[in-house]
Amino acid sequence: MNKKYRKAVVAGNWKMNMSIAEVKPFVEELRANISKHKTCDVVVCVPFVMLSAMSKALRDTSRICIGAQDVSEYDSGAYTGDVAGSTLRELGVRYAIIGHSERREYQHEDDFKINAKVKKALECGLHPIICVGESKKQRDFGLTIAHIEYQVRAALHGVDSEEIKHCIIAYEPIWAIGTGEVATAQQAEEVCGQIRRIIKDIYCAKTGRGISILYGGSMNDENAMTLLSMQNIDGGLIGGASLKPEKLAKIIAATDQE
Ligand code: PGA
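Residues numbered from 1 in each chain as written. Predicted model: local features only at pLDDT ≥ 70, side-chain atom pairs only at ≥ 80, totals over all residues. Heavy atoms only, no water.

Draft legend 1. Structural detail: the overall build of the protein. Check the secondary structure of the protein and you find 11 helices and eight strands. In terms of overall size, the protein behaves like a compact globule, its C-alpha atoms giving a radius of gyration of 17 Å where 258 residues would be expected to give roughly 18 Å. Expressed along its principal axes, the backbone C-alpha trace of the protein runs to roughly 45 × 45 × 35 Å. Within the protein, the proportion of its 258 residues that are buried is 53%. A total of about 11,700 Å² of accessible surface is found on the protein, and carbon and sulfur atoms cover 52% of it. Averaging the positions of the 33 positive and the 33 negative side-chain charges in the protein gives two centres separated by 4 Å. (Helix = DSSP H or I, 4+ residues; strand = E, 2+ residues; numbered from the N terminus. Rg over C-alpha atoms; globule rule 2.2 N^0.38 Å. Buried < 20%, exposed > 50% of the residue type's maximum accessible area, 1.4 Å probe, protein only. Areas by Shrake-Rupley, 256 points an atom, 1.4 Å probe, with all protein chains shown as cover. Lys, Arg positive; Asp, Glu negative; His and termini not counted. Charge placed at Lys NZ, Arg CZ, Asp CG, Glu CD.)

Below you can see the structure in the form of structure tokens.
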């Protein structure tokens, strides 16, 4: 992390876990555990149907922000099952994960759709958390950086120099997600550094320095300290370990290091 230039961000991604009844106790416990750590933005991304309960539970806290796990690329219309950015905003949602590898794989979302979602999210006043990451095969073939560069450039096509300031990039190697096989700090640092270089190439040095880049993929309370000690890793997108408030709080605390 380099807090001189950018914000630390820890975002939990509940995926399709937890229940509406668990939202309030989770928030109470997390809130009690993170009050000391003021320098990190905390986001919890929950299933659509839990957003309302989350919004209610957080009414008197500004320390924790609400995130969605997806957003529609359209304003409104005949898109059964999708949710518009404007509706998310009505519920107090500030962030939206876009292009998670699970949606790329199971919902067949391609880079062009992801780009449309990023642009629509920005138009609605949401902060997109844009996910990129290579498969094991792409890594073995030496294609990691080429693949990441393609994904980042496609996701940000047409995003202007003001809008990029509201974006967060999450580097999530697919082989590390939910597998317990975490990337080494050096592997994660190399790719996050390259993402920063790509942002500098597209925009300018200042924008590259200022964007928060997260690592995701089996990050937990035990390995967070090492990963977050790297210059180009500004936080984490946390799946499994975000379901336990005490674990998430420990990861947040790990962003306190200089
Ligand atoms: P994980 O998931 O921490 O369970 O590996 C991370 C993610 O998919 O965002």
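Draft legend 2. Representation of the pattern of salt bridges in the model. This model, assessed by the stated rule, comprises 19 salt bridges. For the salt bridge of Asp-70 with Arg-103, the shortest nitrogen-to-oxygen distance reads 3.4 Å. Residue Asp-70 is found in the loop between strand 3 (64–68) and helix 3 (85–90), and its partner Arg-103 is found in helix 4 (residues 101–106); the two are separated by 33 residues along the sequence. Assessed through its relative accessible area of 6%, Asp-70 is described here as buried. Of the charged contacts in the structure, one is a salt bridge between Asp-234 and Arg-196, with a shortest N-O distance of 2.8 Å. (Salt bridge = Lys/Arg side-chain N within 4 Å of Asp/Glu carboxyl O.)

Draft legend 3. Looking closely at the packing of helix 1 (residues 20–34) against helix 11 (residues 245–253). As a packed pair, helix 1 and helix 11 sit with axes 9 Å apart at the nearest point and diverge in direction by 30°. Taken together, the axes of helix 1 and helix 11 lie roughly parallel to each other. The interaxial crossing formed by helix 1 with helix 11 has right-handed handedness. Residues Phe-26, Glu-29, Leu-30, Asn-33 and Ile-34 of helix 1 touch helix 11, and the partners they reach there are Pro-245, Glu-246, Leu-248, Ala-249 and Ile-252. Looking at the contact of helix 1 with helix 11, its residues break down into seven nonpolar, one polar and two charged. (Axes fitted to C-alpha atoms, helices over the stretch in contact; angles between N-to-C directions. Parallel < 35°, antiparallel > 145°, perpendicular 65-115°, else oblique. Left-handed = near helix turned anticlockwise from the far one by under 90°. Contact = heavy atoms within 4.5 Å. Nonpolar A, V, L, I, M, F, W, Y, C, P; charged D, E, K, R; others polar.)

Draft legend 4. Here's a closer look at helix 7 (residues 144–155). The terminal C-alpha atoms of helix 7, which comprises 12 residues, lie 16 Å apart, in line with the 16 Å expected from a rise of 1.5 Å per residue. The inward-facing, buried residues of helix 7 abut helix 4, helix 5 (111–123), strand 5 (127–132), helix 6 (136–140), strand 6 (168–171) and helix 8 (185–202). (Expected span 1.5 Å × (residues − 1).)

Draft legend 5. Molecular detail of a positive patch on the surface. Residues Lys-4, Lys-200, Lys-206 and Arg-209 make up a contiguous surface patch of positive charge. If you trace the backbone, Arg-209 turns up in helix 9 (residues 205–210). For Arg-209, a relative accessible area of 32% translates into the label partly exposed. (Patch = residues over 30% accessible without salt bridge, like charges linked within 9 Å, V, L, I, M, F, W, Y side chains within 5 Å.)

Draft legend 6. Examining unusual backbone geometry more closely. Here the phi dihedral of Met-18 falls at roughly 70°; this positive angle occurs in a residue that is not glycine. With respect to the helices and strands, Met-18 occurs in the loop between strand 1 (8–13) and helix 1. On the basis of relative accessible area, Met-18 is assigned to the partly exposed category, the value being 23%. Unlike most non-glycine residues, His-108 shows phi in positive territory, near 55°. Turning to its location among the elements, His-108 is positioned in the loop between helix 4 and helix 5. Given the relative accessible area of 66%, His-108 is considered exposed.

What is shown is where atoms sit, not what they do.
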